Amino acid sequence: MDADRRDSLRRDVRLPFRWQALDAPATSAELAKLFDLPPVLQLSPRLAELEAEYAEVAGNVSEPSVALALDVMNARVSAIAEALFAQHPVPAEQDLEVAAGGIAFTAATPLSEASWVGVHMVLPTCYHVLCAASVRRCARTEGGYRVATELLPDALEPAASKRLSRFVFDNN
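Residues numbered from 1 in each chain as written. Predicted model: local features only at pLDDT ≥ 70, side-chain atom pairs only at ≥ 80, totals over all residues. Heavy atoms only, no water.

**Q** Give a description of the overall build of the chain that names residues and reports values.
**A** Each helix and strand in the chain was counted, giving four helices and six strands. Listed by position from the N terminus, the elements making up the chain come as β-α-α-α-β-β-β-β-β-α. Taken over the C-alpha atoms alone, the chain extends approximately 60 × 35 × 25 Å along its principal axes. Out of the 172 residues belonging to the chain, those deemed buried represent 38%. Of the contacts made within the chain by residues no fewer than 6 positions apart, 69% connect residues no fewer than 24 positions apart. Accessible area for the chain stands at about 9,900 Å²; split by element, carbon and sulfur atoms hold 54% of it. Counting 16 positive and 23 negative side-chain charges, the chain places the centres of these two groups 3 Å from one another. (Helix = DSSP H or I, 4+ residues; strand = E, 2+ residues; numbered from the N terminus. Buried < 20%, exposed > 50% of the residue type's maximum accessible area, 1.4 Å probe, protein only. Contact = heavy atoms within 4.5 Å. Areas by Shrake-Rupley, 256 points an atom, 1.4 Å probe, with all protein chains shown as cover. Lys, Arg positive; Asp, Glu negative; His and termini not counted. Charge placed at Lys NZ, Arg CZ, Asp CG, Glu CD.)

This is the structure:
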């Protein structure tokens, strides 16, 4: 492992991904506009929050028939949401190194350290992650420049942070 690289759990994956240089950090709503994403995709964080609330409430239901009804309703809403999200085009796939706190990718042009980028990544569940990131390193490699970024915690929606962490940790 490179001495400059932080010791954290990482996953090498190929996912739909794109980035855009920013003048300053941006919110997920600002990034959705920047990437020209339809309004329905902005529901993704709220749906994830509701999913977490559902899990908490459903765990406290003692009546089996009520618990089953809640599970069926949750499955229906999840299926509708996934169908809506799947209708929208996703970015081209790119080889990435993903950690809960950062993403490394290859760019055609160099990026300055400490500059800002907006990232749009789609997890396998059709969950769109939008976040501002700070460039930590940029090094020339065969085929471009390897850019290592740190996701800004305040710019990442809590639901997106949980989904991204689960994606990294559950598959290692």
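**Q** Would you mind going over the pairing of strand S1 (residues 10-22) in detail, with residue names and values included?
**A** Looking at chain direction, S1 and strand S2 (residues 93-99) are connected through seven bridges and run antiparallel. Bridging across to S2, Pro 16 finds its partner in Glu 93. For S1 and strand S4 (residues 116-122), the ladder comprises six bridges, and the chain directions are antiparallel. Paired with Trp 19 across the two strands is Val 119, which belongs to S4. (Pairing = 2+ DSSP bridges.)

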